[in-house]
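Letter by letter, the chains look like this.
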Amino acid sequence: MVADQRALSRSVIWLAVIWLAAIISMAVPGLLWWAPWSLLTSLLAVLSGALLFTLPGLAVLRWLHPGPLLWFERLAYAASLSGAIIPFLLLVSEPIGWRWNSLAAWLVMIVFVALALWPVPRIHRPDRGQRCLIGWMVAWLSVAALAVRLFAVRDVPVGLFGDSYHHTIITQLLIDHGGLFQSWQPYAPAVTFTYHYGFHAIAAWWHWLAGIPPTQAVVLVGQVMSGLAAPLLYLLTARLTNSRLTGLWAAVVVGFLSLYPAYYVNWGRYTQLAGQTVLPAVAVAWMELIDGALSPQRSWRSLAAPLALASIASAGLAFSHYRVAILAICFVVTYTLVALGRSGLVGWRTLRRLGGAGILGALGAALLAWPWLWRVQQGQITRMAAQIVTTDVETRNPIALEIIGAAFQYGLFPLAAIGLISLLWRRQSGGLVLALWAGLVWLAANPQLLGLTGQGLITTFAVLIGAYLVVAPAAGAGLLALIRLGVMITKQAQRRLSATMITIQIVAGLVLVGWGAPMQAAMVDYDYQLATPADLKAAAWIREHLPPDAAIFVNGFPAYGGYVYAGSDGGWWLTFLTGRRTNLLPMAVGFEATDPPNTLRLIAEQHQAVQRYPIGSAQAVAALRALGFHYLYNGPAANPSGEYLDPVQIDAAPFYELIYRQDGVSIWRIR
């Protein structure tokens, strides 16, 4: 009987894999031809990436979570934890003057191998039946989601839109300094580095391991993290709902149906994605700690490992994204309240232990992150946050209908509603946690609803594009509820784990994957591409033909209420690509201290001095000369449109000489 079940399970797995490959090949033409060739030509990058996103977490779990954990759940947990551990290594290495390079990175990976495998763990009997089947389904869905996302950016030379520019510069500076740094030279006059750096640390490590240039490392790490949302949402959902089937459907939703986080590639919003990659590890670690503290049978000694794990994960989240840390705090508060309600009447001793565990976990995270938190106060971030919290003013926190629609499109809203109702109807506390977590996060983003200040500390935009953390688990529960209902109505299966139920779910999953895969593969919107291949070609020409001290005026516009100036085409990238000075800085410099301190104001005054006049006028030329600019640059991109540098005006004016024009790029010398 057992042998028959094992044979059936293996047969179902292989049939599902074959059908998944067939459906992906039909839904995304070219993927199955591209993937093997890319694997062969980038074998070192693939292998080192697999190690980078798993080994650090596996090493920590081996010592702090040595108990039974299904292999695919351990891998998912490890992937989330790895995003917390890598930036921590850069932090602890700075005080001792350790500089990272390829050799050092590989040596540490060998240490991680030893920590993950020694002492030799006890071998648990492999899981059979449904758990084994679900594990392989999650694994292959994750591989498919990763492949589709990497295929989508195969022709993207550098990251899209504005955020990608400073992410690339930060990654390059980490590589150049062999770790954390203070000066942003030669790219900007900033003298502090306080920006959350977890994402950039992983991109730099991938460079050290495989030699991937930072321009590509930024894009690839972002896409890998986007693909990892599938196994990570499985992990979080399965733990919250105590249902691996619900977790499997959550993985399908976030991997192939949800617009977010896949759409982040167009904005280069990678640091929020990095934070949301670490968040599942934080949530699972704190759930284990809270449940353990509420269990009268658990001793304080048995809580030591969960305490350490929660502290490490929470500190790593602080390195990855400050606003996502607020989401995590809301989750911990929500889960604690629900866990208390689920436990019924508890004694003062249990409450004291719960409170003590919470305080120790928070203190542990604060102590681990303290060197970085001390560093952060040297920049502008704490001042800006304090101003937001303490200023009692009316601020706009707009809720764009298209953002709401994007977060719930493709029928995710009714599915999520059905899922929440199903979970609550079945008295699953996970449904209550999801609903209350969403509500608490919404209040954190809109404290004015409670008469409080702090609006803008976390924006509704950030909340809505991160809503997949709640929508995917709820929609997964909704899909499972509908399938169960259909089986009950047709009376084709009386047991939840019957072969009919499994077959129906596999077929439904394959249909949804086939429907969603083309959308995910076509996620890149080239309207957000600022630095095009034509700009990269022009940058090579500039390096060869213009002097190193050439100053180039490029298209720029005021962003964030004029606090910083951003670029609208590939000219923004010229400082990084060519080493020549332009009139723009990376936007993240707005969070840092600068030398001189009024750099941002000076940049704004320079733009205003030039842009108050038409570019073809003598006044504009005089202003450009006074500011030391020698050249103008206009690229083929225009986002937003209506750029200041108008080729028609410039060509007609006698003050400029055209020296380069190709594929939409124009460069003029100021006479």
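Just so it is clear, the structure is predicted and the values come from calculations on it, not from any experiment.

### Some remarks on helix 13 (residues 270-294)
Counted at 1.5 Å a residue, the expected span for helix 13 with its 25 residues is 36 Å, and the 36 Å between its end C-alpha atoms agrees. Where helix 13 bends most, the angle comes to about 30°, and this point is Val-278, followed within four residues by the proline Pro-280. By the criterion of burial, helix 13 is predominantly enclosed, with 24 of the 25 residues buried.

### With respect to the packing of aromatic side chains
Two measures describe an aromatic ring pair: the distance that separates the ring centres and the angle between the ring planes. Across all of its chains, the model carries 38 aromatic pairs by this definition. For the pair Tyr-195 and Phe-591, a centre-to-centre distance of 5.7 Å together with 35° between the ring planes defines the contact as tilted. Placement of Tyr-195 in the loop between helix 8 (161-177) and helix 9 (198-210) and of Phe-591 in the loop between strand 4 (581-582) and helix 26 (599-611) is noted, with a sequence separation of 396 residues between them. On the basis of relative accessibility, which here comes to 7%, the residue Tyr-195 falls in the buried class. Three or more aromatic residues joined by ring pairs form one cluster here, namely Phe-88, Phe-181, Trp-184, Phe-193, Tyr-197, Phe-319 and Trp-372. Over the ring of Phe-151 we find Arg-154; its NZ or CZ atom is 3.8 Å from the centre of that ring.

### Notes on the pairing of strand 3 (residues 564-567)
Regular strands place side chains that alternate from one sheet face to the opposite one. Across the two faces of strand 3 the burial is the same, with Val-564 and Ala-566 and Tyr-565 and Gly-567 all buried. Of the pairings in the sheet, the one linking strand 2 (residues 556-559) to strand 3 comprises four bridges and is antiparallel in character. Considered in strand 3, the bridge of Phe-557 is made with Ala-566. Hairpin connection between strand 2 and strand 3: a loop of four residues separates the two successive antiparallel strands, and Tyr-560 in this loop has a positive phi of roughly 50°.

### As for the environment of Leu-512
Here Leu-512 is to be found in helix 23 (residues 499-521). Along the sequence, Leu-512 and Gly-570 sit 58 residues apart, while their C-alpha atoms lie 38 Å from each other. When near neighbours in sequence (up to four residues on either side) are disregarded, Leu-512 contacts Trp-249, Val-252, Leu-257 and Leu-479.

### Focus on the environment of Thr-334
Tracing the backbone through its elements, the reader meets Thr-334 in helix 15 (residues 322-343). In this structure, Thr-334 is in contact with Val-433, Leu-436, Trp-437 and Leu-440, ignoring residues within four places of it in sequence. Of note is the side chain of Thr-334, whose polar atom sits 2.8 Å from the backbone oxygen of Cys-330.

### Brief notes about the environment of Gly-347
On the secondary structure map, Gly-347 appears in the loop between helix 15 and helix 16 (348-376). Considering only alpha carbons, one finds Gly-347 and Leu-294, 53 residues apart in sequence, at a separation of 9.9 Å.

### A short note on the packing of helix 19 (residues 412-425) against helix 20 (residues 429-445)
The relative placement of two packed helices is expressed as an angle between their axes plus a distance between the axes. Remark: helix 19 packs on helix 20, axes separated minimally by 7 Å, with the N-to-C direction vectors making an angle of 135°. Taken as axis vectors, helix 19 and helix 20 run oblique relative to one another. With respect to the hand of their crossing, helix 19 and helix 20 are arranged in left-handed fashion. Mapping the contact onto sequence places Leu-420, Leu-423 and Leu-424 in helix 19 and Gly-431, Leu-432, Leu-434 and Ala-435 in helix 20. Of the residues assigned to the contact of helix 19 with helix 20, the class counts are six nonpolar, one polar and no charged.

About the criteria used
- Residues numbered from 1 in each chain as written.
- Predicted model: local features only at pLDDT ≥ 70, side-chain atom pairs only at ≥ 80, totals over all residues.
- Heavy atoms only, no water.
- Helix = DSSP H or I, 4+ residues; strand = E, 2+ residues; numbered from the N terminus.
- Expected span 1.5 Å × (residues − 1).
- Bend = angle between axes of the 7 residues up to and from the residue.
- Buried < 20%, exposed > 50% of the residue type's maximum accessible area, 1.4 Å probe, protein only.
- Phe/Tyr/Trp six-rings, centres within 6.5 Å; stacked < 30°, edge-to-face > 60°.
- Lys NZ or Arg CZ within 6 Å of the ring centre and 35° of its normal.
- Pairing = 2+ DSSP bridges.
- Contact = heavy atoms within 4.5 Å.
- Polar contact = N/O pair within 3.5 Å; in protein donor to acceptor, adjacent residues only side chain to side chain.
- Axes fitted to C-alpha atoms, helices over the stretch in contact; angles between N-to-C directions.
- Parallel < 35°, antiparallel > 145°, perpendicular 65-115°, else oblique.
- Left-handed = near helix turned anticlockwise from the far one by under 90°.
- Nonpolar A, V, L, I, M, F, W, Y, C, P; charged D, E, K, R; others polar.

This is a description of form; function is not addressed.
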